[in-house]
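# Structure assessment
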Amino acid sequence: GIQVEQSPPDLILQEGANSTLRCNFSDSVNNLQWFHQNPWGQLINLFYIPSGTKQNGRLSATTVATERYSLLYISSSQTTDSGVYFCAVGQTGANNLFFGTGTRLTVIP
Amino acid sequence: KAGVTQTPRYLIKTRGQQVTLSCSPISGHRSVSWYQQTPGQGLQFLFEYFSETQRNKGNFPGRFSGRQFSNSRSEMNVSTLELGDSALYLCASSSTGFEKLFFGSGTQLSVL
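Here's what I pulled together on the structure shown here. If you're wondering where the values come from, they're calculated on a predicted model, not measured in any experiment.

## Digging into the overall build of chain A
- Helix and strand counts for chain A stand at zero helices and eleven strands.
- Taking 13 Å as the expected radius of gyration for a compact globule of 109 residues, we find that chain A reaches 13 Å, a close match to that expectation.
- Viewed in the frame of its principal axes, chain A has a C-alpha envelope of about 45 × 25 × 20 Å.
- Within chain A, buried positions represent 50% of all 109 residues.
- At a minimum sequence separation of 6, the contacts of chain A that also span at least 24 residues come to 56%.
- Surface summary for chain A: the accessible area is close to 5,000 Å², and the carbon and sulfur share equals 49%.

The following block contains the structure:
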């Protein structure tokens, strides 16, 4: 399967700070999604972004498929942003996703 | 529109027993996928169903099985439970299986 590496593994931020999370993958993909897992285990879909750039409020994401990476930007972080952020990828013709090991974000007030 | 609903939320079983987990997808979604999350292995794909047919299966033993009903609701079954089956089991739905996935809250299974 595809190898998905996320960095950094852990991140601690002061409320109001900005951050960039990175996702590298080992093969061509046509499906890339970013998720936020809250402390109760719920996985929330943030972006479906196999290529290009998208923005949703304080969050934005960019995927450069030809260079096999994606970035998730969080601006003006809030304590509710705390949790684990996962990148997941899938290949053409396949509907299963390969997940990275996640970035654990802690936002302190 | 209601989200993906998984029941039960928590389950405690003993080794050797079997368990059935249930997932109701978002209305109109025909694809249901199941994932297992453990601290050691992370999130791993179990299987995917579309219109009552299993289209894809991950690398799990035959003790893990599933099915989908005509109303798109899905169940997964684990027989002869082992301690290593303790995990958070997550169900996700999508329209066709190839786009944005929406996950349920999961079922936390503990095997004693």
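## Overview of the sheet that holds strand β8 (residues 74-78) of chain B
All names here are of chain B.
- On the basis of which strands lie adjacent, the open sheet formed by four strands has the order β1-β3-β8-β7 and antiparallel pairing. At either margin of the open sheet sits one strand with a lone partner, and together these are β1 (5-7) and β7 (64-68). Pairs of neighbouring strands in the sheet enclose a mean axial angle of 20°, with direction left out of account.
- Relative to β8, β7 is paired through five bridges, and the arrangement is antiparallel. Pairing of Ser 65 across the sheet is with Asn 77, part of β8.

## Comments concerning the pattern of salt bridges
Residue and element names in this part refer to chain B.
- Scanning the model with the defined rule gives six salt bridges over all chains in all.
- Across the pair Arg 63 and Asp 85 runs a salt bridge whose closest N-O atoms are separated by 2.8 Å. Of this pair, Arg 63 sits in the loop between β6 (53-57) and β7 while Asp 85 sits in the loop between β8 and β9 (87-94), and the two are 22 residues apart along the sequence. Residue Arg 63 shares its accessibility class with Asp 85, and that shared class is buried.
- When salt bridges that share partners are traced, they join Arg 63, Glu 82 and Asp 85 into one network.

## Notes on the interface of chain A and chain B
- Tallying the contact residues gives 17 residues for chain A and 18 residues for chain B.
- Of the roughly 1,500 Å² buried at the junction of chain A and chain B (both faces included), carbon and sulfur atoms supply 50%.
- For the chain A face of the interface with chain B, the top three residues by lost area are Leu 43, Asn 95 and Phe 99 of chain A, together amounting to 36%.
- On inspection of chain A and its partner chain B, the count reaches zero salt bridges.
- At the boundary of chain A with chain B, the tally comes to eleven residue pairs in polar contact (both at pLDDT 80 or more).
- Contributions of two or more residues to the side of chain A that touches chain B are made by β4 (31-37) and β5 (43-48) of chain A.
- Of all the elements, β4 of chain A adds the most residues to the side of chain A that touches chain B, at four residues.
- Residues that form the side of chain A that touches chain B fall into these classes: eight nonpolar, nine polar and no charged.

## Remarks on the pairing of strand β11 (residues 103-108) of chain A
Residues and elements named next belong to chain A.
- By the alternation rule, side chains of β11 split into Thr 103, Leu 105 and Val 107, which are all buried, and Arg 104, Thr 106 and Ile 108, of which none is buried.
- Sheet analysis places strand β9 (residues 83-90) next to β11, joined by three bridges and oriented antiparallel. What sits directly across from Val 84, in β11, is Arg 104.

## Details of the environment of Tyr 10 of chain B
- Inspection of the secondary structure assignment puts Tyr 10 of chain B in strand β2 (residues 10-13).
- For the pair Tyr 10 of chain B and Ala 92 of chain B, spaced 82 residues apart in sequence, the C-alpha separation works out to 18 Å.

## What about the state of the cysteines?
Residues and elements named next belong to chain B.
- Scanning the entire structure with this criterion turns up two disulfides over all chains.
- Paired through a disulfide, Cys 23 and Cys 91 show a sulfur-sulfur distance of 1.7 Å. On the S-S bond that ties Cys 23 to Cys 91, the torsion sits near -50°, and the link is left-handed. Taken together, the residues Cys 23 in strand β3 (residues 19-24) and Cys 91 in strand β9 connect sequence positions 68 residues apart. Just as Cys 23 is buried, Cys 91 falls in that class too.

How each quantity is defined
Residues numbered from 1 in each chain as written. Chains lettered and ligands numbered in written order. Predicted model: local features only at pLDDT ≥ 70, side-chain atom pairs only at ≥ 80, totals over all residues. Heavy atoms only, no water. Helix = DSSP H or I, 4+ residues; strand = E, 2+ residues; numbered from the N terminus. Rg over C-alpha atoms; globule rule 2.2 N^0.38 Å. Buried < 20%, exposed > 50% of the residue type's maximum accessible area, 1.4 Å probe, protein only. Contact = heavy atoms within 4.5 Å. Areas by Shrake-Rupley, 256 points an atom, 1.4 Å probe, with all protein chains shown as cover. Pairing = 2+ DSSP bridges. Axes fitted to C-alpha atoms, helices over the stretch in contact; angles between N-to-C directions. Salt bridge = Lys/Arg side-chain N within 4 Å of Asp/Glu carboxyl O. Buried area = accessible area lost by both parts, 1.4 Å probe. Polar contact = N/O pair within 3.5 Å; in protein donor to acceptor, adjacent residues only side chain to side chain. Nonpolar A, V, L, I, M, F, W, Y, C, P; charged D, E, K, R; others polar. Disulfide = S-S within 2.5 Å.

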